[in-house]
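# Structural description and commentary
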Amino acid sequence: MPLATMPARLARLSGRHKQIVGRLVDELEALGYVERRPDPADRHAKLVVPTERGLDEQRHADEIIVEIERRFAATLGEEAYAQLRRALMTITDPAAPADPGEG
């Protein structure tokens, strides 16, 4: 997903109602993680753009995820962990190919 996106697109991608996504964006904006900006391509639309604070938090979260995945792979073994990830992707994204070599 691009760094800036419209709330309606966020709602569609997340499968949530626009009102719920709007409330979440309001909360994230109040906390300083995102800001709304006018969409230069559509004067009626707003873009949700991460702030520097939001980007910093995302980088920190990415580091945590990498460490968690490293531990899981060490516990299960690389191939078993790769199989688990493929299975989880199949469950959570029906459009995703069952095998990364597909599609």
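The structure displayed is predicted, hence computed values, not measured ones.

## Let's talk about the nonpolar core
- Listed in full, the six residues of the largest apolar core are Leu10, Ala11, Val21, Val25, Val34 and Val48.
- Where this core is concerned, the elements lending two or more residues are helix H1 (7-14) and helix H2 (18-30).
- For valine 25, the residues in contact, after removing those within four places along its chain, are Leu10, Val34, Arg36 and Val48.

## Some points on the packing of H1 against H2
- Following both chains from N to C, one finds H1 and H2 inclined at 115°, their axes separated by 9 Å at the closest point. Crossing of H1 against H2: the hand is right-handed. Of the residues in H2, those touching H1 at Pro7, Ala8, Leu10, Ala11 and Ser14 are Lys18, Val21 and Val25.

## Re the side chain of threonine 51
- Within the secondary structure, threonine 51 is located in the loop between strand S2 (42-50) and helix H3 (52-76).
- Relative accessible area serves as the criterion here: at 16%, threonine 51 is assigned to the buried category.
- Beyond its immediate sequence surroundings of up to four residues, threonine 51 is in contact with Gly32, Tyr33, Val34 and Glu35.

## What about the packing of aromatic side chains?
- Evaluated as defined, the whole model comprises one aromatic pair.
- A cation over an aromatic ring shows up here: arginine 53 above the ring of tyrosine 33, its NZ or CZ 4.6 Å from the ring centre.

## Some details on the pattern of salt bridges
- Throughout the structure, instances matching the rule amount to nine salt bridges.
- Residue arginine 85 is joined to glutamate 69 by a salt bridge in which the shortest nitrogen-to-oxygen separation is 2.4 Å. Of this pair, arginine 85 sits in helix H4 (residues 78-92) while glutamate 69 is found in helix H3, placing the two residues 16 residues apart along the sequence.
- Arginine 85 sits in the partly exposed class, given a relative accessible area of 39%.
- Linked through salt bridges whose partners overlap, the residues forming this network are Asp26, Glu29 and Arg36.

## A short note on the confidence of the model for the protein
- Here the protein averages 87 in pLDDT, while 86% of its residues score no lower than 70.
- For the protein, H1 is the element with the lowest average pLDDT, namely 84, and H3 is the one with the highest, namely 97.

## A short note on the packing of H3 against H4
- Packing of H3 against H4 brings their axes to within 6 Å, and their N-to-C directions diverge by 120°. In this view, H3 runs oblique relative to H4, as classed from their interaxial angle. Relative to H4, the crossing made by H3 is right-handed. On H4, the residues touching Glu69, Phe72, Ala73 and Leu76 of H3 are Glu78, Ala80, Tyr81, Leu84 and Arg85.

Cut-off values and rules
- Counting restarts for each chain: residues are numbered from 1 in the order of the written sequence.
- Side-chain atom pairs in this predicted model are given and counted only at pLDDT of 80 or more, local residue features only at pLDDT of at least 70, and totals for whole chains, interfaces and linings cover all residues.
- The side-chain numbers reported here are obtained from all heavy atoms of the structure, hydrogens and water having been left aside.
- Each nonpolar core is a collection of buried residues, namely Ala, Val, Leu, Ile, Met, Phe, Trp, Tyr and Cys, held together in the definition by side-chain atoms within 4.5 Å.
- Whether a residue is buried, partly exposed or exposed follows from its accessible area with a 1.4 Å probe, protein chains only, as a fraction of its type maximum: under 20%, in between, or over 50%, in that order.
- Secondary structure follows DSSP: runs of H or I at least 4 residues long count as helices, runs of E at least 2 residues long count as strands, and numbering of each begins at the N terminus.
- Contacts: residue pairs with any heavy atoms within 4.5 Å of one another.
- Axes, fitted as lines to C-alpha atoms, cover a helix only where it is in contact. Angles between the N-to-C directions of the axes lie from 0 to 180 degrees.
- Take the far helix as the reference: if the near one is turned anticlockwise from it by less than a right angle, the crossing is left-handed, and if turned clockwise, right-handed.
- Aromatic contacts are taken between Phe, Tyr and Trp rings whose centres are within 6.5 Å, Trp giving its six-membered ring; a plane angle under 30 degrees counts as stacked, one over 60 as edge-to-face, and the others as tilted.
- Geometrically, a charge over a ring is one whose NZ (Lys) or CZ (Arg) sits within 6 Å of the ring centre while staying within 35 degrees of the ring normal.
- Salt bridges are identified by distance alone: a Lys or Arg side-chain nitrogen within 4 Å of an Asp or Glu carboxyl oxygen.
- The quantity known as pLDDT measures the predictor's confidence residue by residue, on a range of 0 to 100.
- Roughly parallel refers to an angle under 35 degrees, roughly antiparallel to one over 145, roughly perpendicular to one between 65 and 115, and oblique to any angle outside these ranges.

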